[in-house]
Amino acid sequence: MLVGTEVYGKPGLLPVEDSLDELAQLARTAGVEVVGRAVQRLRRIHPATYIGPGKVEEIRALVRAMNANMVIFDDELSPSQQRNLENAFGDEVRVLDRTALILDIFAQHAHTREGALQVELAQYEYRLPRLTRRWQNLAQQAGGSFGRGGISGVGLRGPGEKQLEIDRRRIKERIAHLKRELEEVRAHRQRYRERRRRAQIPVVALVGYTNAGKSTLLNAVSGAHVLVADQLFATLDPTTRRVKLPAGGIALFTDTVGFIQKLPHPLVAAFRATLEEINEADLIIHVLDITHPNARQQAQVVIRTLREIGVQDIPMITALNKIDRLPDPEQARALAAEHPDFVAISAAYGIGLEDLLRKVEAILYQSLTSVRVRLPLSRGDLIALFYEQGMVEWEAHTDSEVTLSGRLPARLLAAFRPYLEHSEAERASREPVR
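Scoring rules and cut-offs
- Residues numbered from 1 in each chain as written.
- Predicted model: local features only at pLDDT ≥ 70, side-chain atom pairs only at ≥ 80, totals over all residues.
- Heavy atoms only, no water.
- Helix = DSSP H or I, 4+ residues; strand = E, 2+ residues; numbered from the N terminus.
- Buried < 20%, exposed > 50% of the residue type's maximum accessible area, 1.4 Å probe, protein only.
- Contact = heavy atoms within 4.5 Å.
- Areas by Shrake-Rupley, 256 points an atom, 1.4 Å probe, with all protein chains shown as cover.
- Axes fitted to C-alpha atoms, helices over the stretch in contact; angles between N-to-C directions.
- Parallel < 35°, antiparallel > 145°, perpendicular 65-115°, else oblique.
- Nonpolar A, V, L, I, M, F, W, Y, C, P; charged D, E, K, R; others polar.
- pLDDT = per-residue confidence, 0-100.
- Pairing = 2+ DSSP bridges.

Asks: Explain the overall build of the protein chain residue by residue, including any values.
Replies: Scanning the protein chain from terminus to terminus reveals 17 helices and 13 strands. Expressed as a percentage of the 434 residues in the protein chain, the buried residues total 49%. Counting contacts in the protein chain only where the partners sit at least 6 residues apart, residues at least 24 apart contribute 69% of the total. Accessible area of the protein chain: about 21,400 Å², with a carbon and sulfur share of 49%.

Structure follows, in structure tokens:
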């Protein structure tokens, strides 16, 4: 049983019915059969049960009539709301929210050690404040003074509550351990990225809403065999493949975890090491399912999520994918013709991929932007990079810094952005010169 809400005056990114459609797809991906749904439009969220008391009674009746054993809410519930709802629906009915459902899917699809660590950390951080509910029955048995009516008295702090404190301490210790391990992963990724920079191989990050076709695109351009499935979050662990570009250039294409509306904050934090791959990319390809009825909203989710993880100043191409499913693919091509950073493609059938790769190569290797930077001598790496991959037209030295004027590939602008002189920073934001 699915439950969605819409607060008057605070519309969500998607209409509540469409958001519930997405929740139903998430449930099916997790292996849950959906037997019904309920929607409530209300003026404010009820602090005790999220939905109003009348709606709670209505859903309880529906759950019994449909013989459902699970109620999934489309938004994250507080621990107390979840506990109150479970009390209202009965012991045999589980109450989950969107966050718990996504965490379960991630746990199913994490195949590498890094992915497993990230998911485990997010699960523990989500569950820690909900431990009271998990240990409530044990506390009742041990203390002897708890009941449905909340009776208090002697024996309240029995062995059950002691077990709860032990469990909290163990989970906090495990969270600390997982964070240390993920810091090691982050450091390893950073060393790997440094080696890639020294090898001067640019990196292209594939981003997009979940199920937009990123893995299909990676397979098509690289000959990789990344899992492709008509499921949300079919790909969780990042995959990097070497791709040869039309004029002979080389790039590393990295498939990343798909985004989704209401992406749980614990997941964003836990997947920091993976998401840093996007921050370090030279170019981003935003894969957009142009056939989806909410394509515009999905694009907004992707752009907003990129901003939340600090992605900025990285060139982006939008790949309008799945044009083979459109009644008239020429409409997508006409849209792409109006926007220089759009390309209409079908990753599944190889349509438009040559155009996409030519655009990638133009940005990575051919488009040059006029810049003037003032670099401290301590940034010898950037000074060398400017000489190796850019065109130096003028230079000046002092005891502490070097000023370089010339042209740089657009993919390198992010690294030099902090050192751009003000007037040149404005110039660098314009169209690149060729």
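Asks: How would you sum up the packing of helix 9 (residues 214–222) against helix 14 (residues 353–366)? Please name residues and give values.
Replies: At a minimum axis distance of 11 Å, the contact between helix 9 and helix 14 shows a crossing angle of 85°. With respect to their mutual orientation, helix 9 and helix 14 come out roughly perpendicular. Counting all contacts with helix 9, which are made through Leu217, Ala220 and Val221, the residues of helix 14 involved are Leu353, Leu356 and Leu357. In terms of residue class, the contact of helix 9 with helix 14 is made up of six nonpolar, no polar and no charged.

Asks: For the confidence of the model for the protein chain, give the residues involved together with the corresponding values.
Replies: Of all residues in the protein chain, 83% attain a pLDDT of 70 or more, and the chain-wide mean is 82. Within the model, the stretch residues 133–158 combines pLDDT values under 50 with 24 contacts to residues more than four positions away or in other chains. In this model, residues 423–434 is a region of pLDDT below 50 whose contacts with residues beyond four sequence positions or in other chains number 22 contacts.

Asks: Explain the environment of Lys179 residue by residue, including any values.
Replies: Along the chain, the position of Lys179 falls in helix 8 (residues 159–199). Residue classification places Lys179 among the partly exposed positions, given a relative accessible area of 43%. Spatially, the C-alpha atom of Lys179 lies 8.8 Å from that of Gln118, the residues being 61 residues apart in sequence. In this structure Lys179 touches Leu121 and Glu125, once residues within four positions along its chain are discounted.

Asks: Describe unusual backbone geometry, and please don't skip the residues or the numbers.
Replies: With phi around 60°, Asn67 is a residue other than glycine that occupies positive phi space. Residue placement: Asn67 occurs in the loop between helix 2 (53–66) and strand 3 (70–73). Classification of Asn67 by relative accessible area gives exposed; the value is 68%. Here Lys322, not a glycine, exhibits a phi torsion of approximately 70°, which is positive. You can call Lys322 buried: its relative accessible area is 14%.

Asks: Talk me through the pairing of strand 13 (residues 401–409); I want residue IDs and the actual numbers.
Replies: The buried fraction of strand 13 amounts to eight of the nine residues, a majority that puts the element mostly inside the structure. One ladder, built from nine bridges, connects strand 11 (residues 368–376) with strand 13; its direction is antiparallel. Pairing of Ser370 across the sheet is with Arg407, part of strand 13. Pairing of strand 12 (residues 391–397) with strand 13, which is carried by six bridges, proceeds in the antiparallel orientation. In the strand pairing of strand 13, Val392 is matched with Gly406. If you look at the hairpin formed by strand 12 and strand 13, you'll find three residues sitting between the two strands.

Asks: How would you explain helix 9 if you had to name every residue and give the values?
Replies: Within helix 9 the residues assigned to the buried category are Lys214, Ser215, Leu217, Leu218, Asn219 and Val221. Its buried side turned inward, helix 9 meets strand 5 (203–208), strand 6 (239–244), strand 7 (250–255), strand 8 (283–289) and helix 14. Phi for Gly223, located one or two positions after helix 9, is positive at around 75°.

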